[in-house]
Amino acid sequence: MFLKKLFKFGKDYSHYLEKGDRCLADERFADARHAYCEALEKIEASGETALSQVEDVRQKIALTGTMLGRLNLVEAEHALAGGDREKAGEHLRLIMDLADDGTLRESAERLLAQLGSEVSAAAWVEPVDGCGSCAADAAEAEADDQPDMAGTITREDRLALYFQTLPGDLPERYAGMGEEFAKGCFLNLEGNEEGALRVFEELSAEKEDDILHYERAILYFHQGDSGRCEHLLLKALALNPANPLCTIGLAQLYTETGREPEALRVLERMISDDLLPEQARLMHGDLYVHLQDESNAVESYSTLLASPAHAREAAERLVPLLQRQGRTKEATYLVKKFTKGCC
């Protein structure tokens, strides 16, 4: 037994952390995730766990999971474009298994629901055994074997899939905005923000529309014009107070520009009005952490522990807060239930 322990713990966590960083730089996301899992295991086994070390490794594990999730989303899009609904479902369920990013998981969940999958997306919230690195390995290996799909998916397919990731009634509204609007969205997806903005500006000269205001607002923010971004978001919300993208965009804008009290008010309105309430709760907790108000942060995160899409993210944020408050048993329970083994 001693020899096994000697070989198992012969290398400390920094060895695996450095290996993970190298793999991440090379975009070998599955290898990076596996190395970060090893690093986390070493830290926890040492009995001298520093919160900053744990958080750093967990964030990198979450990042690799998100990157693997994005690879699988590309594969799901390709499978859908080719009419292979079963294959698309497999990739979407891998996203639910690997990715911690709430928006990515919600996109996968939405597409799974559209596919009419027999397996509930909620069943994939937790990996069955450990950290899911085997699934990650398989996911990346399959992605590596595939050719570049960017040129094989039609413009219409890409736009349809993009629209379906939007919340609420926005998929139908975006799809009904017309050919010129679709052209602007496609330019934006291709990275041609200037071209997209010109299209949206021309359409906005013809009519007032909350969607057009939102798309322009985000593009102006990317250009560094936060004032025009805010003006357009407020115009959009005056036209349609229930547009969830405009509301969360305004909260993000206020957070990015140091206007935290205003951001909190927007997030609280989102929660009370049932506009992306879970995502708003997560942002609410993050903002309270930023403001060093840990009690309110714990309250916000705790409400998400029953959420299929956000439970893991909330648990990862809760653990260090509970540890700092001396609530070790609660923190340990969350680690075992939601985040043990690098998840």
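Everything quoted here is computed from the prediction, not taken from an experiment. (Residues numbered from 1 in each chain as written. Predicted model: local features only at pLDDT ≥ 70, side-chain atom pairs only at ≥ 80, totals over all residues. Heavy atoms only, no water.)

Chemist: A description of the overall build of the chain should follow, citing residues and the corresponding values.
Modeler: Summing up its helical and strand segments, the chain has 19 helices and zero strands in all. Counting the 343 residues in the chain, one finds 45% classified as buried. Total accessible area on the chain is roughly 16,900 Å²; 51% of this is exposed by carbon and sulfur atoms. (Helix = DSSP H or I, 4+ residues; strand = E, 2+ residues; numbered from the N terminus. Buried < 20%, exposed > 50% of the residue type's maximum accessible area, 1.4 Å probe, protein only. Areas by Shrake-Rupley, 256 points an atom, 1.4 Å probe, with all protein chains shown as cover.)

Chemist: Break down the side chain of Q279 for me, citing the residues and quoting the values.
Modeler: You can see Q279 is positioned in helix α16 (residues 277–290). Residue classification places Q279 among the buried positions, given a relative accessible area of 16%.

Chemist: Talk me through the layout of surface pockets; I want residue IDs and the actual numbers.
Modeler: There is about 940 Å³ of room inside the second largest pocket. Per-element accounting of the lining of the second largest pocket gives the leading share, eight residues, to helix α4 (residues 51–81). Across the lining of the second largest pocket, the residue classes break down as 15 nonpolar, ten polar and eleven charged. (1 Å grid on protein atoms, 1.4 Å probe; cavity = no way out; pocket = protein on both sides within 12 Å on 5 of 7 lines; lining within 4 Å. Points joined across faces, edges and corners; volume = space filled by probe spheres on them. Nonpolar A, V, L, I, M, F, W, Y, C, P; charged D, E, K, R; others polar.)

Chemist: An account of the pattern of salt bridges is requested, with residue identities and associated values reported.
Modeler: Under the definition given, this model contains twelve salt bridges. Put simply, E201 and R216 hold a salt bridge, and the shortest N to O gap is 3.2 Å. Note that E201 is positioned in helix α11 (residues 193–206) and R216 in helix α12 (residues 210–222), a separation of 15 residues in sequence. Judged by relative accessible area, which is 23%, E201 ranks as partly exposed. For R216, a relative accessible area of 11% translates into the label buried. (Salt bridge = Lys/Arg side-chain N within 4 Å of Asp/Glu carboxyl O.)

Chemist: Give me the lowdown on unusual backbone geometry, citing residues and values where you can.
Modeler: With a phi angle near 60°, D274 is a residue other than glycine that sits in the positive phi range. Along the chain, D274 falls in the loop between α15 (260–272) and α16. We note that L276 has phi near 45°; this positive angle belongs to a residue other than glycine. Locating L276 in the fold gives a position in the loop between α15 and α16.

Chemist: So, the packing of aromatic side chains: which residues are in play, and what are the values?
Modeler: Between two aromatic rings, the relevant description is the distance of the centres plus the angle of the planes. The final tally for this structure, using the stated rule, is three aromatic pairs. The interplanar angle of 40° and the centroid separation of 5.4 Å between the aromatic rings of F181 and F200 together place this pair among those described as tilted. You can see F181 sitting in helix α10 (residues 179–189) and its partner F200 sitting in helix α11, a full 19 residues away along the chain. Residue classification places F200 among the buried positions, given a relative accessible area of 0%. (Phe/Tyr/Trp six-rings, centres within 6.5 Å; stacked < 30°, edge-to-face > 60°.)

Chemist: Explain the nonpolar core to me, using residue names and the numbers behind them.
Modeler: In this structure, Y174, F181, F200 and L233 are the most contacted members of the largest nonpolar core, which totals 61 residues. Each residue touching F181, except ones within four places of it in the same chain, is listed here: F163, Y174, F200, L203, I211, L212 and E215. (Core = buried A, V, L, I, M, F, W, Y, C linked by side-chain atoms within 4.5 Å. Contact = heavy atoms within 4.5 Å.)

Chemist: Account for the packing of α11 against α12, with residues named and values stated.
Modeler: Where α11 meets α12, the axes come as close as 10 Å, and the angle between the chain directions of the two elements is 145°. Where α11 crosses over α12, the handedness of that crossing is left-handed. Every residue of α12 that contacts α11 at E193, A196, L197, F200, E201, L203 and S204 is listed here: L212, E215, R216, L219, Y220 and H222. A class-by-class count of the residues in the contact of α11 with α12 yields seven nonpolar, two polar and four charged. (Axes fitted to C-alpha atoms, helices over the stretch in contact; angles between N-to-C directions. Left-handed = near helix turned anticlockwise from the far one by under 90°.)

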